[in-house]
Amino acid sequence: MSTELLLGDHYFAQSRKLFERISQTIAGGESSYARLKKGLELCFSHGEGSHFWDVDGHEYIDYSLGYGPLIFGHKPRRVIQAVIEAIERYGTLATFPYELDAEVGELFTELVPGVELLRFANSGTEATMAAARLARAYTGRPKIVQMEGAYHGWADTHLWSSHPDVWRPQLRPYSPRPIPGSRGIPEVYGDALLIAQYNERESLERLFLEHGHEIAGVLVEPVQCNSGVILPEPGYLEFLREITRAYGALLIFDEVITGFRLAPGGAQERLGVIPDIATYAKALGAGFPIAAFGGSHEVMQLEATNQVMHGGTYTANVLALAAARAVLTEMKTRRQELWAILDGFGERVREGLREACEAAGLRCIVQGIGPVWHIFFAKPDAPALDRIRNYREAHAYTSIDIYDRFHRAMLKRGIYFHPYHLERWFLSTAHSEADVRATLEAAHEAALEVARSLREQPVADPATLAMPGIAQ
């Protein structure tokens, strides 16, 4: 059943009209794969704080926030003003190093425990490519270990086993061999990767026993935020730290999502495990395009002496660094105030969503940390789990159909979160007590509506295939 039929034929009339116009010149009507879902051609008008409006005039409380960057909400005044002032002073692009390099670098290394030296980039994809190249150069080894279900950017070197279809036509057993995430990626890039299972120690131990002399590093999200939100099991990150050291490999944290969101020092500060290299983007610019990678003096010396190639015309541009300086200054000076909002409201919304769904009779798992979380709706035949530990559990448990119904029911009540069933919700410091109350009121109504619809029209998801290690 289409979104238009559920919300009314003309609900997105102007969005559909604009989308059709855009599609005449922009392939697919968008310039990033993540922005739309078939049947929901929603076009943006403007945003303010924690809300945005579409071109049909509908207002939404926003829990997508530009897919993560808008940690201060839409149009954060201090950040925008800082960018305007920097443009008036410097222009838009500095040909040489300049004062903002020093100021942002000093703030960055002060806030993040494991970063002594860093380099700026333009996107999380770029930063992660640079980090992997650096790890290979430092160790002299060719292979990077990634986790099944993780996303580290769309580059040929990393877009493998991100969200592989391991279920059809029959269950594909776990294998360390990577699966390409797109057409057009040469198989040779997969030869430089190995795939492990997040939160599973045995799979990684086997990889190191068999390939330890080839492994340059383990690239991992400290909290896996691209298969919903999956928290590390107690001791798991410490295990990663120990095994990489034991084999002379590097531990690389992809903090593109967790960085400057879980704490001013990211997951490293909040969870207490320090990697050798880490990558950042999203919240660092509060809506302006900037990324970074950094680590210890010892590892980063290869960058400092230009033994490893990293560059880019727009790296460390004025807009990006001015925004980052404003962001990091806010986080440094208003730490307690900001994280009281992010953690406090985050916990309330997570718990409220769980209560609303359970009260309506919907089986679900809501899990997250601080201002990032996800809700997994259970298929009727889903395994009995109390938490999601890795991508395969998320895939085996989650009903796409029920998630879609809940998304549409919330959308028409003015609550927006990503329409894909394995993305995540984000909270900003601009969200208010009124937003929280409205969200949870909508959630109670939406959950009851979904429960009624399930009685009238059963779930359309295919049956879950048996998976070793999960009770059926």
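Analysis parameters
- Chains are numbered independently. Their residues run from 1 in the order of the written sequence.
- pLDDT decides what is reported in this predicted model: residues at 70 or higher carry local features, side-chain atom pairs at 80 or more are listed and counted, and totals for whole chains, interfaces and linings draw on all residues regardless.
- To get the side-chain values, all heavy atoms of the structure are used, and hydrogens and water are removed first.
- What counts as a helix is a DSSP run of H or I of at least four residues, what counts as a strand is a run of E of at least two, and both are numbered from the N terminus.
- Radius of gyration means the value over C-alpha atoms here, while the globule rule gives 2.2 Å times the residue count to the 0.38 power.
- For the exposure calls, accessible area comes from a 1.4 Å probe over protein chains only, and a residue counts as buried if that area is under 20% of its type's maximum, exposed if over 50%, partly exposed in between.
- The contact criterion used is simple: two residues touch if any of their non-hydrogen atoms lie within 4.5 Å.
- All accessible areas in this document rest on Shrake-Rupley with a 1.4 Å probe, and a residue is counted as covered only by the protein chains that are shown.
- Note on pairing: two strands pair once DSSP finds at least 2 bridges between them.
- Pairing of aromatic side chains here covers Phe, Tyr and the six-membered ring of Trp, requires ring centres within 6.5 Å, and sorts the geometry by plane angle: under 30 degrees stacked, over 60 edge-to-face, intermediate tilted.
- The working definition used for a salt bridge is a side-chain nitrogen of Lys or Arg within 4 Å of a carboxyl oxygen of Asp or Glu.

Novice: Help me understand the overall build of the protein chain in this model?
Specialist: The secondary structure content of the protein chain amounts to 15 helices and 14 strands. A compact globule built from 472 residues should have a C-alpha radius of gyration of about 23 Å, and the protein chain, at 22 Å, falls within 12% of that. Buried positions account for 57% of the 472 residues belonging to the protein chain. Within the protein chain, contacts between residues separated by at least 24 positions form 72% of all contacts whose residues are at least 6 apart in sequence. Taken as a whole, the protein chain presents about 19800 Å² of accessible surface, with 53% of it coming from carbon and sulfur.

Novice: Which parts of the structure should I look at to understand the sheet that holds strand 11 (residues 364-369)?
Specialist: Two modes of strand pairing occur in sheets, parallel and antiparallel, and in both the strands are linked by backbone hydrogen bonds. Strand order across the open sheet formed by three strands is 11-12-14, with antiparallel pairing between neighbours. With partners counted over all chains shown, the strands left at the sheet margins are strand 11 and strand 14 (425-426), one partner each. Sheet topology places strand 12 (residues 372-377) next to strand 14; two bridges connect them, and they run antiparallel. Residue pairing across strands places Val372 opposite Phe426, the latter belonging to strand 14.

Novice: Please explain the side chain of Thr125 as it appears in this structure.
Specialist: Along the chain, Thr125 falls in helix 5 (residues 124-139). Its relative accessible area of 11% is what places Thr125 among the buried residues. Once residues lying within four places of it in the same chain are set aside, the contact partners of Thr125 are His152, Gly153, Trp154 and Ala155.

Novice: Sorry if this is basic, but what is going on with the packing of aromatic side chains here?
Specialist: By convention here, two paired aromatic rings are described through the distance between centres and the angle between planes. Under the defined criterion, the tally for this structure stands at 19 aromatic pairs. Measuring from centroid to centroid gives 5.9 Å for Tyr403 and Phe417, while their planes differ by 80°, and the two rings are edge-to-face. Here the residue Tyr403 occupies a position in helix 14 (residues 400-411), and Phe417 occupies one in the loop between strand 13 (415-416) and strand 14, the gap between them amounting to 14 residues. Its relative accessible area of 0% is what places Phe417 among the buried residues. Members of the aromatic cluster, each reached through a chain of ring pairs, are Tyr63, Trp373, Phe377, Tyr403, Phe406, Phe417 and Trp425.

Novice: Could you clarify how one ought to interpret the sheet that holds strand 1 (residues 44-48) in this entry?
Specialist: Ordered in space as 1-2-3-13, the four strands form an open sheet in which the pairing is mixed. Where the open sheet ends on each side, the last strands, each with one partner, are strand 1 and strand 13. Sheet analysis places strand 2 (residues 51-54) next to strand 3 (residues 59-62), joined by three bridges and oriented antiparallel. What sits directly across from Trp53, in strand 3, is Glu59.

Novice: Could you clarify how one ought to interpret the pattern of salt bridges in this entry?
Specialist: Between side chains of opposite charge, a pair can form when the charged atoms approach closely. Under the criterion given, the structure shown has 26 salt bridges. In this structure, Arg119 and Glu303 form a salt bridge, with 4.0 Å as the shortest nitrogen-oxygen distance. On the criterion of sequence distance, the pair formed by Arg119 in strand 4 (residues 117-121) and Glu303 in helix 10 (residues 297-304) is long-range, its members being 184 residues apart. According to the relative accessible area criterion, Arg119 is partly exposed, its value standing at 24%.

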